[in-house]
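Structural characterization, general
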Amino acid sequence: VGEVLITDGHITEEQLSNEFEVSRITIRRALEQLVSEGYVNRRQGSGYSIVALSPPQQNCITSFTDMVYRKGATPTSRLLAITEVSPQDSRAEHLPEELRDQGTLLLIQRLRCIDGVPAMLVSTWLPKAVVGPVHPEEFPENGAQQSILRILQDKFSLSWDAACEEISPIVADSQAAQLLKVAEGAPILRQACSAFGKQGRIVFYEDLLRAGSITFESYALRHGHPGFPGLGSKTDG
């Protein structure tokens with residue numbers, strides 16, 4: 001709907017109508033389209049608020065949900081498990097030492113789909129001491145709020161400014177093959193991501209297994225952040 005200064009995080013139909021000198025019916029239709037695509041939320045009595053978290057590049061601090069909506073498709077999520085894992089557990093061996101040093105970890109496993117087709121198997125690792133109790137109902141299956149980035153930011157008050165990624169080809173094990181609906185042993189893409197806060201401390205870690213051929217354009221710095229070595233890459237997989 002164009003560029004409008006939003007001072008309180010919300011904008012009303014009347015403000016947009018005055019700004020662009022068009023009818024409120026036209027504004028309402030445009031806003032309803034943005035709501036359906038996941039760019040904005042409609043709040044009864046207070047107007048509309050922007051919900052897109054990130055630019056349209058495809059990296060681990062870009063919202064998968066936003067990206068899929070931008071393409072005109074429908075993202076969905078299925079929560080597979082929430083598990084407490086000891087930092088000494090063999091499942092945590094591959095995690096950065098800094099994350100394991102924070103004590104008991106939470107492993108959140110979800111299957112992400114595009115128009116009902118499995119696209120990505122996501123394992124998100126968080127320090128339990130930082131986020132506290134986590135419940136299944138905090139992970140919606142539909143709509144803009146299914147974004148893990150939005151959940152971490154809005155429900156657990158986490159913030160991050162940069163990310164470091166490692167992208168590599170692997171073969172699908174039996175679990176990944178079943179969930180992603182590919183043959184066991186088929187080539188898939190693994191995307192390992194560490195997200196950092198302003199002090200350079202790891203906020204969360206993700207393992208993403210993706211089916212199909214994907215192009216990544218990774219520009220993982222948010223505005224005003226000094227940067228981390230190795231950020232910024234373009235990889236085809």
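The structure we're discussing is the one just above.
Scope of this entry: the structure provided in the associated data block.

So, how was this worked out
- Residues numbered from 1 in each chain as written.
- Predicted model: local features only at pLDDT ≥ 70, side-chain atom pairs only at ≥ 80, totals over all residues.
- Heavy atoms only, no water.
- Phe/Tyr/Trp six-rings, centres within 6.5 Å; stacked < 30°, edge-to-face > 60°.
- Helix = DSSP H or I, 4+ residues; strand = E, 2+ residues; numbered from the N terminus.
- Buried < 20%, exposed > 50% of the residue type's maximum accessible area, 1.4 Å probe, protein only.
- Contact = heavy atoms within 4.5 Å.
- Pairing = 2+ DSSP bridges.

Considering the packing of aromatic side chains
In this structure the tally under the stated criterion is 1 aromatic pair. Their ring planes at 90° and their centres at 5.4 Å tell us that Trp-160 and Phe-204 sit as a pair that is edge-to-face. One end of the pair, Trp-160, is in the loop between α6 (148-154) and β6 (162-171); the other, Phe-204, is in strand β8 (residues 202-210), with 44 residues separating them in the sequence. A single burial state applies to Trp-160 and to Phe-204, both of which are buried.

A closer look at the environment of Leu-152
On the secondary structure map, Leu-152 appears in helix α6. The exposure class of Leu-152 is buried, given its relative accessible area of 0%. Leu-152 sits 52 residues away from Phe-204 along the chain, and the two C-alpha atoms are 9.2 Å apart. Setting aside chain neighbours within four positions, we find Leu-152 in contact with Leu-126, Ser-157, Leu-158, Trp-160 and Phe-204.

Notes on the pairing of strand β5 (residues 117-127)
In summary, the side chains of a regular strand alternate between the two faces of the sheet. Among the 11 residues of β5, 10 are classified as buried, and the element is accordingly described as predominantly covered. In this structure, strand β4 (residues 105-114) lies alongside β5, joined through 10 bridges in antiparallel fashion. Across the sheet, the residue bridging to Arg-110 is Val-122, located in β5. The turn linking β4 back onto β5 is made up of 2 residues, and Asp-115 within it adopts a positive phi angle of 50°. Bridging between β5 and β8 involves 6 bridges; their strand directions are antiparallel. Directly across from Val-122, in β8, lies its bridge partner Leu-208.

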